[in-house]
Amino acid sequence: MKSNIILLPGDGIGVEVVSEAVRVLQVLAKKYNHEFSFSEYLMGGCAIDQYGVALTDETLKACKASDSVLLGAVGGPKWDDPNAKVRPEQGLLALRKGLGVFANLRPVKTHPALLDASPVKADRIKDVDILVVRELTGGLYFGQPKMREQVNGHTRAVDTMEYHDYEIRRVVDLAFRLALRRKKKVTSVDKANVLETSRLWRLIANGVAAEHSDVILDHMLVDTASMRLITAPTSFDVIVTENTFGDILTDEASVLAGSMGMLPSASLADSGPGLYEPIHGSAPDIAGKGIANPLGTILSCAMMLRYSLHLDEEAHAIESAVDAAITEGARTADLGGTLSTTKMADEVIRRI
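Residues numbered from 1 in each chain as written. Predicted model: local features only at pLDDT ≥ 70, side-chain atom pairs only at ≥ 80, totals over all residues. Heavy atoms only, no water.

Engineer: Mind laying out the environment of Ile5, listing which residues take part and the relevant values?
Structural biologist: Within the secondary structure, Ile5 sits in strand β1 (residues 2-10). With relative accessibility at 0%, the residue Ile5 sits in the buried group. The contact partners of Ile5, leaving out residues within four places of it in the chain, are Leu25, Phe36, Ser37, Phe38, Ser39, Ser68 and Met304. (Helix = DSSP H or I, 4+ residues; strand = E, 2+ residues; numbered from the N terminus. Buried < 20%, exposed > 50% of the residue type's maximum accessible area, 1.4 Å probe, protein only. Contact = heavy atoms within 4.5 Å.)

Structure, rendered in structure tokens:
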């Protein structure tokens, strides 16, 4: 099988972890007789430095024409001026919108060998297996108007939280379909006691639930959900929520797995290439030191193989290799170990 994969290493540790993930894919391709071609483009802060924009039209065009896109991370202190008109994150938002990837899948699963790596008590996180489905192209991040202005001698800032019924329906429906393969339980997270968009969200979710009588639907306010992710994480199966809430809750949930460096994600559209990336940021404090955890990116590649390239056996091979490496004690610094980024990838490759 031949597949065209676009690489967007981005900034900071993104360059390091994407490089190691590519090595894993190359080994896998050789073992299973596939051909993966890789084309690399700039996005984020590095693209701003080179082109003056975070995502060029050429890069977006290449991504749309590909079979899949692998992203590292974007941003860093160099581009963190709140008054800047061009920011690295604009490239990420434009990429998501351009590809039409409306659903972000973020699995959160604890590993028996890493229970002590989490600050949460081991007995609370044992057997945690959550799939968060985050709406990705609507809400506060994309709503208009979005502006800052001077009014009566004061600075006023506006962000707009906006959702259409069809945007909610398609992501909630996907969550229900995914729940059918799991424990058949969906928790829809909103803020319906305050937000009109959340009241619409809840109304649509109830309608979708009526079409899936074999799946249980729970509604939960986001503040309650943030508490229960720590106090009773095993009570969740599939969580579906809007863009901002999903962004925050999945970063919180990363502590259950022991490190943000462990968690992958897949962003999917109705058709066309998917976008795959670890949930962590560019981590400028450790960039260039060779100590970043590559497992979130490597596991994102497993999701790529499964959802975009339809290579489930190969995806399982990566996941099994990662599981074996962790079980046998392979650890980067964020997990209390001493392995470098490259050595951690070596441990995975050795087990494929």
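Engineer: Account for the packing of helix α1 (residues 14-32) against helix α10 (residues 295-307), with residues named and values stated.
Structural biologist: Running from N to C, α1 and α10 point in directions that differ by 45°, and their axes come no closer than 8 Å. Viewed along their axes, α1 and α10 adopt a mutual orientation that is oblique. Viewed along their axes, α1 and α10 form a crossing whose handedness is right-handed. Along its contact with α1, which presents Val17, Val18, Ala21, Val24, Leu25 and Leu28, the element α10 presents Thr297, Ile298, Cys301 and Leu305. A per-class count over the contact of α1 with α10 returns nine nonpolar, one polar and no charged. (Axes fitted to C-alpha atoms, helices over the stretch in contact; angles between N-to-C directions. Parallel < 35°, antiparallel > 145°, perpendicular 65-115°, else oblique. Left-handed = near helix turned anticlockwise from the far one by under 90°. Nonpolar A, V, L, I, M, F, W, Y, C, P; charged D, E, K, R; others polar.)

Engineer: Residue-level account of unusual backbone geometry, with values.
Structural biologist: For the bond from Gln144 to Pro145, the omega torsion is 5°, close enough to zero to count as cis. For Pro145, the position within the fold is in the loop between β5 (129-135) and β6 (147-151). Positive phi, close to 70°, is recorded for Asp127, a residue that is not glycine. Here Asp127 lies in the loop between α5 (122-125) and β5.

Engineer: Help me get a handle on the sheet that holds strand β2 (residues 35-40), residues and values and all.
Structural biologist: As summarised here, the arrangement of the 10 strands in space is β2-β1-β3-β12-β11-β4-β5-β10-β8-β9, forming an open sheet in which the pairing is mixed. The open sheet has two edge strands with one neighbour each: β2 and β9 (216-221). Sheet twist, expressed as the mean angle between neighbouring strand axes with direction ignored, is 25°. When β1 meets β2, the two strands line up parallel, connected through six bridges. Bridging from a neighbouring strand, Lys2 pairs with Glu35 of β2. The strands touched by helix α6 (residues 165-179) are β4 (103-109), β5, β8 (185-190), β9 and β10 (238-241); relative to β5, the strand with the most contacts, the crossing angle is about 165°. (Pairing = 2+ DSSP bridges.)

Engineer: For the side chain of Asp11, give the residues involved together with the corresponding values.
Structural biologist: Within the secondary structure, Asp11 is located in the loop between β1 and α1. No salt bridge forms around the buried Asp11; measuring N to O, its nearest opposite-charge neighbour Lys78 is 8.4 Å away. In this structure the side chain of Asp11 is engaged in a polar contact, spanning 2.9 Å, whose partner is the backbone nitrogen of Cys46. Sequence-distant contacts of Asp11, defined by excluding residues within four places in its chain, comprise Met43, Gly44, Gly45, Cys46, Ala73, Val74, Gly75, Trp79, Pro88 and Ser282. (Lys, Arg positive; Asp, Glu negative; His and termini not counted. Salt bridge = Lys/Arg side-chain N within 4 Å of Asp/Glu carboxyl O. Polar contact = N/O pair within 3.5 Å; in protein donor to acceptor, adjacent residues only side chain to side chain.)

Engineer: Talk me through the layout of surface pockets; I want residue IDs and the actual numbers.
Structural biologist: Within this model, the largest pocket holds a volume of roughly 940 Å³. The wall of the largest pocket is formed by 31 residues, among which Pro107, Lys109, Asp129, Leu299 and Glu319 lie closest to the centre. Contributions of two or more residues to the lining of the largest pocket are made by β4, β5, α10 and α11 (312-327). Per element, the largest residue contribution to the lining of the largest pocket is six residues, and it comes from α11. (1 Å grid on protein atoms, 1.4 Å probe; cavity = no way out; pocket = protein on both sides within 12 Å on 5 of 7 lines; lining within 4 Å. Points joined across faces, edges and corners; volume = space filled by probe spheres on them.)

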